[in-house]
Amino acid sequence: MKGGDGSSISPLVSFVLGAAMATVCVLFFMSASPTRRLADISAFSIRNATTTDDLLASDDADANLTAIPAPAPAPVQAPSPWGDLEEVLARAATKDRTVIMTQINAAWTRPGSLLDLFFESFRSGEGGVARLLDHLVIVTMDPAAYEGCQAVHRHCYFLRTSNGVDYRSEKMFMSKDYLEMMWGRNRFQQTVLELGYNFLFTDVDVMWFRDPFRHISMAADIAISSDVYMGDPYSLRNFPNGGFLFVRSSAKTIDFYRAWQQGRWRFLGKHEQDVFNLIKHEMSAKLDLAIQFLDTTYISGFCQLSKDLNKICTLHANCCVGLGAKLHDLRGVLDVWRNYTAGTPEERRAGKFQWKLPGICIH
(Lines give C-alpha, C1' and ligand atoms only; values in the text may rest on other atoms or scores of the structure.)
Protein backbone atom coordinates (compact mmCIF):
# COMPACT_ATOMS: atom_id res chain seq x y z
CA MET A 1 0.00 0.00 0.00
CA LYS A 2 2.74 2.51 0.89
CA GLY A 3 4.59 1.89 -2.33
CA GLY A 4 1.45 2.47 -4.47
CA ASP A 5 0.53 5.78 -2.70
CA GLY A 6 4.04 7.27 -3.13
CA SER A 7 4.14 6.55 -6.82
CA SER A 8 0.77 8.24 -7.47
CA ILE A 9 1.62 11.50 -5.64
CA SER A 10 4.99 12.05 -7.32
CA PRO A 11 3.71 13.08 -10.79
CA LEU A 12 1.24 15.58 -9.31
CA VAL A 13 3.91 17.21 -7.23
CA SER A 14 6.20 17.38 -10.18
CA PHE A 15 3.53 19.10 -12.28
CA VAL A 16 2.70 21.65 -9.59
CA LEU A 17 6.33 22.43 -8.95
CA GLY A 18 7.04 22.85 -12.69
CA ALA A 19 4.12 25.21 -13.15
CA ALA A 20 5.17 27.23 -10.15
CA MET A 21 8.72 27.54 -11.43
CA ALA A 22 7.51 28.75 -14.87
CA THR A 23 5.27 31.38 -13.25
CA VAL A 24 8.11 32.58 -11.05
CA CYS A 25 10.40 32.93 -14.10
CA VAL A 26 7.84 34.95 -16.02
CA LEU A 27 7.18 37.28 -13.09
CA PHE A 28 10.89 37.66 -12.47
CA PHE A 29 11.54 38.61 -16.07
CA MET A 30 8.73 41.15 -16.11
CA SER A 31 9.71 42.62 -12.78
CA ALA A 32 13.38 42.73 -13.67
CA SER A 33 13.11 44.92 -16.90
CA PRO A 34 9.76 46.70 -17.24
CA THR A 35 11.30 49.91 -18.52
CA ARG A 36 13.17 48.28 -21.36
CA ARG A 37 10.14 46.38 -22.46
CA LEU A 38 8.00 49.53 -22.52
CA ALA A 39 10.71 51.37 -24.33
CA ASP A 40 10.91 48.70 -26.99
CA ILE A 41 7.16 48.83 -27.47
CA SER A 42 7.22 52.62 -27.63
CA ALA A 43 10.01 52.60 -30.17
CA PHE A 44 8.18 50.14 -32.32
CA SER A 45 5.02 52.24 -32.18
CA ILE A 46 6.93 55.43 -33.07
CA ARG A 47 8.67 53.71 -35.98
CA ASN A 48 5.38 52.52 -37.34
CA ALA A 49 3.70 55.90 -36.79
CA THR A 50 6.59 57.74 -38.48
CA THR A 51 6.54 55.43 -41.42
CA THR A 52 2.81 55.90 -41.79
CA ASP A 53 3.05 59.71 -41.49
CA ASP A 54 5.84 59.79 -44.02
CA LEU A 55 3.81 57.81 -46.45
CA LEU A 56 0.79 60.04 -45.92
CA ALA A 57 2.91 63.17 -46.31
CA SER A 58 4.49 61.74 -49.44
CA ASP A 59 1.08 61.02 -50.87
CA ASP A 60 -0.07 64.57 -50.06
CA ALA A 61 3.03 66.06 -51.66
CA ASP A 62 2.52 64.00 -54.77
CA ALA A 63 -1.08 65.11 -54.89
CA ASN A 64 -0.03 68.78 -54.55
CA LEU A 65 2.60 68.46 -57.26
CA THR A 66 0.03 66.98 -59.55
CA ALA A 67 -2.46 69.73 -58.75
CA ILE A 68 -0.07 72.64 -59.61
CA PRO A 69 0.39 72.97 -63.37
CA ALA A 70 3.93 73.47 -64.67
CA PRO A 71 4.64 77.13 -65.65
CA ALA A 72 4.33 77.86 -69.32
CA PRO A 73 7.71 78.45 -71.00
CA ALA A 74 8.56 82.12 -71.62
CA PRO A 75 7.91 83.13 -75.20
CA VAL A 76 11.08 83.32 -77.24
CA GLN A 77 11.40 86.77 -78.80
CA ALA A 78 12.93 86.71 -82.23
CA PRO A 79 15.95 89.03 -82.55
CA SER A 80 15.32 92.23 -84.46
CA PRO A 81 16.56 92.01 -88.06
CA TRP A 82 17.72 95.62 -87.73
CA GLY A 83 19.89 95.25 -84.63
CA ASP A 84 19.08 95.94 -81.00
CA LEU A 85 20.14 99.43 -79.92
CA GLU A 86 21.45 98.54 -76.46
CA GLU A 87 23.35 95.55 -77.83
CA VAL A 88 24.90 97.66 -80.61
CA LEU A 89 25.89 100.43 -78.18
CA ALA A 90 27.39 97.98 -75.66
CA ARG A 91 29.45 96.30 -78.37
CA ALA A 92 30.80 99.56 -79.77
CA ALA A 93 31.37 101.53 -76.55
CA THR A 94 34.71 102.29 -74.94
CA LYS A 95 35.37 101.31 -71.31
CA ASP A 96 33.91 104.64 -70.14
CA ARG A 97 30.70 104.01 -72.15
CA THR A 98 31.45 106.42 -74.99
CA VAL A 99 30.39 105.81 -78.59
CA ILE A 100 30.99 107.71 -81.81
CA MET A 101 27.86 108.00 -83.96
CA THR A 102 27.00 109.12 -87.45
CA GLN A 103 23.71 109.02 -89.34
CA ILE A 104 23.15 108.17 -93.00
CA ASN A 105 20.48 107.41 -95.58
CA ALA A 106 20.71 105.43 -98.80
CA ALA A 107 21.81 108.48 -100.83
CA TRP A 108 24.99 108.73 -98.78
CA THR A 109 25.92 105.04 -98.86
CA ARG A 110 26.19 104.54 -102.61
CA PRO A 111 29.69 103.63 -103.89
CA GLY A 112 31.81 106.76 -104.14
CA SER A 113 29.46 108.71 -101.91
CA LEU A 114 30.09 110.37 -98.55
CA LEU A 115 30.37 107.19 -96.49
CA ASP A 116 33.31 106.04 -98.63
CA LEU A 117 35.09 109.39 -98.15
CA PHE A 118 34.33 109.29 -94.43
CA PHE A 119 35.99 105.88 -94.03
CA GLU A 120 38.92 106.90 -96.23
CA SER A 121 39.68 109.88 -94.00
CA PHE A 122 40.01 107.61 -90.95
CA ARG A 123 42.22 105.14 -92.78
CA SER A 124 44.54 107.80 -94.13
CA GLY A 125 44.61 109.68 -90.82
CA GLU A 126 47.42 109.92 -88.30
CA GLY A 127 47.94 109.02 -84.66
CA GLY A 128 45.92 105.82 -84.76
CA VAL A 129 42.66 107.58 -85.61
CA ALA A 130 41.58 104.51 -87.64
CA ARG A 131 41.19 102.53 -84.39
CA LEU A 132 38.28 104.81 -83.48
CA LEU A 133 36.21 103.07 -86.16
CA ASP A 134 35.87 100.20 -83.67
CA HIS A 135 33.68 102.53 -81.58
CA LEU A 136 31.61 103.97 -84.43
CA VAL A 137 27.86 103.26 -84.59
CA ILE A 138 26.30 104.03 -87.97
CA VAL A 139 22.63 104.95 -87.54
CA THR A 140 20.74 104.26 -90.75
CA MET A 141 17.46 105.85 -91.77
CA ASP A 142 16.13 103.29 -94.26
CA PRO A 143 16.53 99.56 -95.02
CA ALA A 144 18.79 100.13 -98.03
CA ALA A 145 21.18 102.21 -95.92
CA TYR A 146 21.18 99.51 -93.23
CA GLU A 147 22.08 96.81 -95.75
CA GLY A 148 24.80 99.04 -97.22
CA CYS A 149 26.20 99.66 -93.74
CA GLN A 150 26.31 95.97 -92.89
CA ALA A 151 28.41 95.33 -95.99
CA VAL A 152 31.20 97.63 -94.76
CA HIS A 153 30.91 98.03 -90.97
CA ARG A 154 30.27 96.04 -87.76
CA HIS A 155 28.09 98.42 -85.74
CA CYS A 156 24.93 99.32 -87.66
CA TYR A 157 21.52 100.30 -86.34
CA PHE A 158 18.30 101.01 -88.24
CA LEU A 159 16.40 103.89 -86.66
CA ARG A 160 12.76 103.10 -87.43
CA THR A 161 10.46 106.11 -87.60
CA SER A 162 6.70 106.46 -87.77
CA ASN A 163 6.40 109.93 -89.30
CA GLY A 164 5.83 108.71 -92.85
CA VAL A 165 8.99 110.34 -94.27
CA ASP A 166 10.90 108.42 -96.94
CA TYR A 167 14.53 108.89 -95.89
CA ARG A 168 16.17 107.12 -98.83
CA SER A 169 16.80 110.25 -100.89
CA GLU A 170 18.76 113.41 -100.16
CA LYS A 171 16.81 115.94 -98.08
CA MET A 172 17.22 119.54 -99.10
CA PHE A 173 18.34 121.93 -96.37
CA MET A 174 15.42 123.35 -94.32
CA SER A 175 12.77 121.34 -96.19
CA LYS A 176 10.01 119.75 -94.10
CA ASP A 177 11.59 116.30 -94.42
CA TYR A 178 15.00 117.74 -93.54
CA LEU A 179 13.63 119.26 -90.33
CA GLU A 180 11.91 115.96 -89.43
CA MET A 181 15.21 114.15 -89.93
CA MET A 182 17.21 116.61 -87.84
CA TRP A 183 14.75 116.62 -84.94
CA GLY A 184 14.48 112.84 -85.09
CA ARG A 185 18.27 112.69 -84.84
CA ASN A 186 18.14 114.98 -81.82
CA ARG A 187 15.57 112.75 -80.08
CA PHE A 188 17.69 109.68 -80.81
CA GLN A 189 20.71 111.34 -79.21
CA GLN A 190 18.61 111.93 -76.09
CA THR A 191 17.73 108.22 -76.01
CA VAL A 192 21.42 107.30 -76.08
CA LEU A 193 22.05 109.61 -73.12
CA GLU A 194 19.11 108.09 -71.23
CA LEU A 195 20.66 104.65 -71.74
CA GLY A 196 23.76 105.91 -69.94
CA TYR A 197 26.15 106.37 -72.88
CA ASN A 198 28.27 109.40 -73.73
CA PHE A 199 28.47 110.10 -77.44
CA LEU A 200 30.42 112.01 -80.01
CA PHE A 201 28.11 112.65 -82.93
CA THR A 202 29.74 113.40 -86.27
CA ASP A 203 28.08 114.17 -89.57
CA VAL A 204 29.24 111.82 -92.31
CA ASP A 205 30.62 114.83 -94.25
CA VAL A 206 33.26 115.34 -91.53
CA MET A 207 36.74 114.14 -92.47
CA TRP A 208 38.72 112.66 -89.54
CA PHE A 209 42.49 113.15 -89.78
CA ARG A 210 43.58 112.99 -86.13
CA ASP A 211 42.00 112.05 -82.81
CA PRO A 212 39.73 114.97 -81.77
CA PHE A 213 39.08 113.70 -78.23
CA ARG A 214 42.27 115.33 -76.95
CA HIS A 215 40.67 118.74 -77.63
CA ILE A 216 37.50 117.97 -75.65
CA SER A 217 37.78 119.20 -72.07
CA MET A 218 37.09 116.79 -69.20
CA ALA A 219 35.19 119.68 -67.57
CA ALA A 220 32.73 120.03 -70.45
CA ASP A 221 29.21 118.61 -70.21
CA ILE A 222 28.73 119.44 -73.88
CA ALA A 223 31.43 120.15 -76.47
CA ILE A 224 30.22 121.40 -79.84
CA SER A 225 31.94 122.49 -83.03
CA SER A 226 31.76 126.09 -84.17
CA ASP A 227 30.64 127.68 -87.39
CA VAL A 228 32.35 130.80 -86.08
CA TYR A 229 34.80 130.59 -83.17
CA MET A 230 35.51 133.79 -81.19
CA GLY A 231 38.61 132.61 -79.33
CA ASP A 232 37.16 131.70 -75.90
CA PRO A 233 35.97 128.06 -75.76
CA TYR A 234 33.42 128.78 -73.00
CA SER A 235 32.00 131.99 -74.46
CA LEU A 236 28.35 131.62 -75.42
CA ARG A 237 28.95 134.18 -78.17
CA ASN A 238 30.43 131.41 -80.33
CA PHE A 239 28.16 130.08 -83.09
CA PRO A 240 27.56 126.32 -82.69
CA ASN A 241 27.34 123.56 -85.29
CA GLY A 242 25.58 120.35 -84.24
CA GLY A 243 27.33 118.30 -86.93
CA PHE A 244 30.15 117.56 -84.50
CA LEU A 245 28.90 117.26 -80.94
CA PHE A 246 30.13 115.52 -77.78
CA VAL A 247 27.76 115.04 -74.82
CA ARG A 248 28.35 113.32 -71.47
CA SER A 249 25.42 111.34 -70.10
CA SER A 250 24.10 112.95 -66.91
CA ALA A 251 20.88 114.26 -65.40
CA LYS A 252 21.91 117.76 -66.52
CA THR A 253 22.47 116.91 -70.16
CA ILE A 254 19.28 114.84 -70.35
CA ASP A 255 17.35 117.83 -68.96
CA PHE A 256 19.05 120.03 -71.54
CA TYR A 257 17.90 117.70 -74.32
CA ARG A 258 14.34 117.76 -73.00
CA ALA A 259 14.40 121.56 -73.14
CA TRP A 260 15.99 121.36 -76.59
CA GLN A 261 13.15 119.17 -77.84
CA GLN A 262 10.57 121.52 -76.33
CA GLY A 263 12.30 124.38 -78.14
CA ARG A 264 11.15 122.88 -81.41
CA TRP A 265 7.63 124.02 -80.54
CA ARG A 266 8.70 127.26 -78.86
CA PHE A 267 10.54 128.33 -82.02
CA LEU A 268 8.46 126.81 -84.81
CA GLY A 269 10.21 126.27 -88.12
CA LYS A 270 13.74 126.41 -86.66
CA HIS A 271 16.13 123.50 -87.03
CA GLU A 272 17.83 122.02 -83.99
CA GLN A 273 21.08 123.97 -84.39
CA ASP A 274 19.26 127.31 -84.33
CA VAL A 275 17.25 126.24 -81.27
CA PHE A 276 20.49 125.26 -79.48
CA ASN A 277 21.76 128.78 -80.13
CA LEU A 278 18.51 130.28 -78.81
CA ILE A 279 18.40 128.31 -75.53
CA LYS A 280 22.12 128.07 -74.69
CA HIS A 281 22.20 131.11 -72.36
CA GLU A 282 19.02 130.19 -70.51
CA MET A 283 19.77 126.49 -70.05
CA SER A 284 23.47 126.74 -69.26
CA ALA A 285 22.61 129.11 -66.38
CA LYS A 286 19.60 127.09 -65.21
CA LEU A 287 21.40 123.72 -65.23
CA ASP A 288 24.93 124.97 -64.42
CA LEU A 289 25.97 123.37 -67.68
CA ALA A 290 29.51 123.70 -69.03
CA ILE A 291 29.36 124.14 -72.82
CA GLN A 292 32.68 124.08 -74.67
CA PHE A 293 32.88 125.47 -78.19
CA LEU A 294 35.63 123.71 -80.11
CA ASP A 295 38.45 125.73 -81.65
CA THR A 296 38.23 125.76 -85.46
CA THR A 297 42.03 125.51 -85.63
CA TYR A 298 41.59 121.83 -84.71
CA ILE A 299 37.88 121.02 -85.26
CA SER A 300 37.45 122.92 -88.48
CA GLY A 301 34.96 123.40 -91.28
CA PHE A 302 34.35 125.23 -94.51
CA CYS A 303 32.64 128.08 -92.58
CA GLN A 304 35.90 129.00 -90.80
CA LEU A 305 38.65 127.01 -92.45
CA SER A 306 41.87 126.04 -90.67
CA LYS A 307 44.78 126.20 -93.09
CA ASP A 308 47.30 124.54 -90.75
CA LEU A 309 47.42 120.88 -91.75
CA ASN A 310 49.86 120.21 -88.90
CA LYS A 311 47.13 120.93 -86.34
CA ILE A 312 43.81 120.06 -87.93
CA CYS A 313 41.95 117.01 -86.55
CA THR A 314 38.62 117.13 -88.37
CA LEU A 315 37.21 119.09 -91.30
CA HIS A 316 33.46 119.51 -91.82
CA ALA A 317 31.81 120.41 -95.13
CA ASN A 318 29.54 122.90 -93.36
CA CYS A 319 28.35 126.12 -95.01
CA CYS A 320 27.89 123.92 -98.09
CA VAL A 321 24.51 122.93 -99.51
CA GLY A 322 24.00 119.91 -101.76
CA LEU A 323 25.48 116.42 -101.89
CA GLY A 324 27.27 117.06 -105.19
CA ALA A 325 29.07 120.16 -103.88
CA LYS A 326 30.15 118.37 -100.70
CA LEU A 327 31.49 115.38 -102.66
CA HIS A 328 33.46 117.61 -105.03
CA ASP A 329 35.17 119.64 -102.33
CA LEU A 330 35.83 116.75 -99.93
CA ARG A 331 37.50 114.71 -102.67
CA GLY A 332 39.85 117.66 -103.17
CA VAL A 333 40.44 117.81 -99.40
CA LEU A 334 41.42 114.13 -99.32
CA ASP A 335 43.77 114.58 -102.29
CA VAL A 336 45.64 117.32 -100.43
CA TRP A 337 45.70 115.27 -97.22
CA ARG A 338 47.21 112.24 -99.00
CA ASN A 339 49.95 114.45 -100.47
CA TYR A 340 50.57 115.94 -97.03
CA THR A 341 50.96 112.57 -95.30
CA ALA A 342 53.32 111.42 -98.07
CA GLY A 343 55.52 114.50 -97.64
CA THR A 344 58.75 114.68 -95.68
CA PRO A 345 58.75 116.07 -92.13
CA GLU A 346 60.60 119.14 -93.41
CA GLU A 347 58.00 119.80 -96.12
CA ARG A 348 55.19 119.39 -93.64
CA ARG A 349 56.74 121.73 -91.09
CA ALA A 350 57.38 124.30 -93.81
CA GLY A 351 53.65 124.42 -94.58
CA LYS A 352 54.05 123.53 -98.24
CA PHE A 353 50.69 121.77 -98.38
CA GLN A 354 47.52 123.85 -98.66
CA TRP A 355 43.89 123.13 -99.50
CA LYS A 356 42.83 123.53 -103.12
CA LEU A 357 41.07 126.88 -103.13
CA PRO A 358 38.55 127.91 -104.12
CA GLY A 359 36.20 124.95 -104.43
CA ILE A 360 32.47 124.97 -104.84
CA CYS A 361 32.07 125.70 -101.11
CA ILE A 362 35.56 125.73 -99.58
CA HIS A 363 37.25 129.13 -99.74
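About the cut-offs
- Residues numbered from 1 in each chain as written.
- Predicted model: local features only at pLDDT ≥ 70, side-chain atom pairs only at ≥ 80, totals over all residues.
- Heavy atoms only, no water.
- Pairing = 2+ DSSP bridges.
- Helix = DSSP H or I, 4+ residues; strand = E, 2+ residues; numbered from the N terminus.
- Axes fitted to C-alpha atoms, helices over the stretch in contact; angles between N-to-C directions.
- Buried < 20%, exposed > 50% of the residue type's maximum accessible area, 1.4 Å probe, protein only.
- Parallel < 35°, antiparallel > 145°, perpendicular 65-115°, else oblique.
- Left-handed = near helix turned anticlockwise from the far one by under 90°.
- Contact = heavy atoms within 4.5 Å.
- Nonpolar A, V, L, I, M, F, W, Y, C, P; charged D, E, K, R; others polar.

- The protein chain appears in an unreviewed UniProt entry as Nucleotide-diphospho-sugar transferase domain-containing protein from Digitaria exilis.

## Overview of the sheet that holds strand β9 (residues 299–301)
Next up, step 1: Pairing is mixed in the open sheet, where three strands are placed in the order β5-β10-β9. Here the strands that pair on one side only, and so sit at the sheet edges, are β5 (206–208) and β9. Between one strand and the next, the sheet's axes are offset by a mean angle of 20 degrees, whatever the strand orientation.
Next up, step 2: Sheet analysis places β5 next to strand β10 (residues 314–316), joined by three bridges and oriented antiparallel. The residue bridging V206 from the neighbouring strand is H316, located in β10.

## Points about the pairing of strand β7 (residues 239–247)
Next up, step 1: Burial analysis of β7 places eight of its nine residues in the buried class, which makes it a mostly covered element.
Next up, step 2: Direction of pairing for strand β4 (residues 198–202) relative to β7: antiparallel, over a ladder of four bridges. Bridge pairing in β7 links F199 to V247.

## Some remarks on the packing of helix α7 (residues 251–266) against helix α8 (residues 272–287)
Next up, step 1: At a minimum axis separation of 9 Å, α7 and α8 run at an interaxial angle of 135 degrees. In terms of their interaxial angle, α7 and α8 are classed as oblique. Pair α7 / α8 crosses with right-handed handedness. Contact residues: K252, D255, F256, A259, W260, G263, R264 and R266 in α7; E272, V275, F276, I279, E282, M283 and L287 in α8.
Next up, step 2: Grouping the amino acids of the contact of α7 with α8 by side-chain chemistry returns eight nonpolar, one polar and six charged.

## Quick notes on unusual backbone geometry
Next up, step 1: Here the amide bond leading from L357 into P358 is cis, since omega sits at -10 degrees, within 30 degrees of zero.
Next up, step 2: Relative to the assigned elements, P358 resides in the segment after α10 (345–349).
Next up, step 3: The phi dihedral of R97 falls on the positive side, at around 65 degrees, and the residue is not glycine.
Next up, step 4: Residue position: R97 is located in the loop between α3 (85–92) and β1 (98–104).
Next up, step 5: A residue is classified by how much of its surface remains accessible, and R97, at 36% relative accessible area, is partly exposed.
Next up, step 6: One non-glycine residue with positive phi stands out, namely D288, at about 55 degrees.
Next up, step 7: Checked against the element boundaries, D288 lands in the loop between α8 and β8 (291–293).

## Details of the sheet that holds strand β3 (residues 156–158)
Next up, step 1: Here seven strands make up an open sheet; going across it, the order is β3-β2-β1-β4-β7-β6-β8 and the pairing mixed. Strands with a single pairing partner mark the edges of an open sheet, and in this sheet they are β3 and β8. Put simply, the sheet's adjacent strands are angled 35 degrees from each other on average, direction ignored.
Next up, step 2: On the sheet, helix α5 (residues 143–152) packs against β1, β2 (136–140) and β3 and is oriented at approximately 170 degrees with respect to β3.
Next up, step 3: α8 rests against β6 (222–228), β7 and β8 of the sheet, and its axis sits at about 75 degrees to β7.

## Brief notes about the packing of helix α4 (residues 114–123) against helix α9 (residues 323–342)
Next up, step 1: Running from N to C, α4 and α9 point in directions that differ by 20 degrees, and their axes come no closer than 10 Å. One way to sum up the angle between α4 and α9 is to call them roughly parallel. Crossing geometry of α4 relative to α9 is assigned as left-handed. Contacts between α4 and α9 pair L114, L117, E120 and S121 from the former with L323, L327, L330, R331, L334 and R338 from the latter.
Next up, step 2: Residues that form the contact of α4 with α9 fall into these classes: six nonpolar, one polar and three charged.

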